[in-house]
Amino acid sequence: MSDACAGCSSAGSGCNPETCGTNPQDEKIKKTLGRIRHKLVVMSGKGGVGKSTVAANIAVALALAGKKVGLLDVDVHGPSLPRLLSLAGTQPHIERDYIEPVAYNNNLLVMSLGFLLPSPKDAVIWRGPVKTGLIRQFISDVAWGDLDYLILDCPPGTGDEPLSALQEIGPEAQAIIVTTPQGVAVDDVRRSVTFCAQVGNKVFGLVENMSGYACPNCGHVENIFSTGGGEALAGEMGVPFLGRIPLDPEVARSGDEGYPIAKLGQDNATSRALGEIIKPILALAD
């Protein structure tokens, strides 16, 4: 394979070295990514760990801090960001050669397949190449503009979507990996860390979600399940530990009703935990 083909999305599947780099979509992707300072892919080897909730709250917190943020939902089969951000039923404006992302506020732009489905009841039954094509289109054709951060919310596992996301963005993309403290989740999330190493992307940090239970009355966090599994995994795998987010009834309610907990500005264990997680992400822009 020639040096010109090394980063090509068609590498290994019929790429022609004489024409490599001339694909118009590849050029659009390169141009789009060149206007985005930091790319963070939120992922997990385990489903049900609150990954989309973490991604949405990180994006909202960064936007509230005055940063220009794009939030891209690449969970093709279970796009949940429209509900989490109270944007369900919104349709983006589409022109022949570009798509306008949905504005959550002045600083946060959102794109999801959930905006494009005729009905929320519709199942998406696609194979890998079609999903990869959609991710490429969401990067190349969506009018993201100049961004401080692009946050990608991936489905669980180490399959087509996270692989395509990391390959399309390239080695500059960093992963935020979400787990819960239980061993059954940690075992699967461990594979996400090795996945990133195998595809050549750095793990920015690991978040332990649903770590303990935050009492809605007094705010005390009680470790009624378990805690520390995510932090232990981060130490074992040599990746940064970003912090613990307790299991909070308000987070579940906010997700169902579409108002991110980061937007409420409350002083409680959950908001303080999110604040600590956001600090090193904000430091990237310094």
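Data block above holds the structure.
Predicted model only: the values in this text are computed from it and were never measured.

Engineer: Help me out: how do you make sense of the environment of Asp-160 in this one?
Structural biologist: One can find Asp-160 in helix H5 (residues 160-169). For the pair Asp-160 and Pro-129, spaced 31 residues apart in sequence, the C-alpha to C-alpha distance is 8.3 Å. The residues contacting Asp-160, other than those within four sequence positions of it, are Gly-128 and Lys-131.

Engineer: Just to check I follow, could you spell out the pattern of salt bridges for this structure?
Structural biologist: Oppositely charged side chains can form a pair if their charged atoms are brought close together. Under the definition given, this model contains 17 salt bridges. In this structure, Lys-28 and Asp-141 form a salt bridge, with 2.9 Å as the shortest nitrogen-oxygen distance. A residue pair is termed long-range when its members are at least 10 positions apart, and Lys-28 in helix H1 (residues 24-33) and Asp-141 in the loop between helix H4 (128-140) and strand E5 (147-153) qualify at 113 residues. By relative accessible area, Lys-28 is classed as partly exposed at 32%. A residue is classified by how much of its surface remains accessible, and Asp-141, at 17% relative accessible area, is buried. The residue Glu-161 makes a salt bridge to Lys-131 at a minimum N-O spacing of 3.5 Å.

Engineer: Looking at this structure, how should I read the packing of H1 against H4?
Structural biologist: Relative orientation of the contacting elements H1 and H4 amounts to 55°, with a least axis distance of 8 Å. Judged by the inter-axis angle, H1 sits oblique to H4. Our pair here, H1 against H4, has a crossing hand that is left-handed. In this structure, H1 uses Gln-25, Asp-26, Lys-28, Ile-29, Thr-32 and Leu-33 to contact H4, whose residues at the interface are Arg-136, Gln-137, Ile-139 and Ser-140. Of the residues assigned to the contact of H1 with H4, the class counts are three nonpolar, four polar and three charged.

Engineer: I tried to follow H4 on my own but got confused; where do I start?
Structural biologist: For the α-helix, the turn length of 3.6 residues means that residues three or four positions removed from each other point alike. Between its first and last C-alpha atoms H4 spans 18 Å; for 13 residues at 1.5 Å apiece the expected length is 18 Å, and the two agree. Burial in H4 covers these residues: Gly-128, Lys-131, Leu-134, Ile-135, Arg-136, Phe-138, Ile-139 and Ser-140. For H4, the elements touching its buried residues are H1, strand E2 (69-73), strand E4 (108-112) and H5.

Engineer: Quick question: what am I supposed to make of the nonpolar core here?
Structural biologist: Inside soluble globular proteins, nonpolar side chains tend to come together where they are buried. Residues Leu-108, Ile-151, Ile-176 and Ile-281 are the most contacted members of the largest nonpolar core, which totals 39 residues. In terms of residues, this core owes the most to one element, helix H2 (residues 51-64), which gives nine residues. Aside from chain neighbours lying at most four places away, what touches Ile-176 is Leu-40, Val-41, Val-42, Met-43, Ile-58, Phe-204, Gly-205, Val-207, Leu-242 and Ile-281.

Engineer: Would you explain the packing of H2 against helix H10 (residues 269-283) in this entry?
Structural biologist: Between two packed helices, the angle of one axis relative to the other and the distance separating the axes together describe the packing. Two numbers describe how H2 lies on H10: the axes approach to 10 Å, and their chain directions differ by 65°. The pairing of H2 with H10 is recorded here as roughly perpendicular in orientation. Crossing geometry of H2 relative to H10 is assigned as right-handed. Touching Asn-57, Ile-58, Ala-61 and Leu-62 of H2 are Leu-274, Ile-278, Ile-281 and Leu-282, all from H10.

Engineer: Quick question: what am I supposed to make of helix H6 (residues 183-199) here?
Structural biologist: For H6, spanning 17 residues, the distance from its first C-alpha to its last is 25 Å, which sits close to the expected 24 Å at 1.5 Å a residue. If you check which residues of H6 are buried, you get Ala-185, Val-186, Asp-188, Val-189, Ser-192, Val-193, Phe-195 and Cys-196. In this structure, the buried residues of H6 make contact with strand E1 (36-43), H5, strand E6 (174-179), strand E7 (202-214) and helix H7 (229-237). Immediately beyond the C-terminal end of H6, within one or two residues, lies Gly-200, with a positive phi of roughly 90°.

Engineer: Any chance you could explain the side chain of Asn-268 here in plain terms?
Structural biologist: By the element assignment, Asn-268 lies in the loop between helix H9 (261-264) and H10. A polar side-chain atom of Asn-268 sits 3.2 Å from the main-chain amide nitrogen of Thr-270.

Engineer: How should I be thinking about the pairing of E7 in this particular structure?
Structural biologist: Looking along a regular strand, one sees the side chains alternate between the two faces of the sheet. The element E7 is largely enclosed, with a buried count of ten among its 13 residues. Inspection of the sheet shows E6 paired to E7 by six bridges, in the parallel sense. Looking across to E7, one finds that Gln-174 is bridged to Lys-202. In this sheet, strand E8 (residues 221-222) lies alongside E7 in antiparallel orientation, the contact comprising two bridges. If you follow Ala-214 over to E8, its bridge partner there is Val-221.

Calculation rules
- Residues numbered from 1 in each chain as written.
- Predicted model: local features only at pLDDT ≥ 70, side-chain atom pairs only at ≥ 80, totals over all residues.
- Heavy atoms only, no water.
- Helix = DSSP H or I, 4+ residues; strand = E, 2+ residues; numbered from the N terminus.
- Contact = heavy atoms within 4.5 Å.
- Salt bridge = Lys/Arg side-chain N within 4 Å of Asp/Glu carboxyl O.
- Buried < 20%, exposed > 50% of the residue type's maximum accessible area, 1.4 Å probe, protein only.
- Axes fitted to C-alpha atoms, helices over the stretch in contact; angles between N-to-C directions.
- Parallel < 35°, antiparallel > 145°, perpendicular 65-115°, else oblique.
- Left-handed = near helix turned anticlockwise from the far one by under 90°.
- Nonpolar A, V, L, I, M, F, W, Y, C, P; charged D, E, K, R; others polar.
- Expected span 1.5 Å × (residues − 1).
- Core = buried A, V, L, I, M, F, W, Y, C linked by side-chain atoms within 4.5 Å.
- Polar contact = N/O pair within 3.5 Å; in protein donor to acceptor, adjacent residues only side chain to side chain.
- Pairing = 2+ DSSP bridges.

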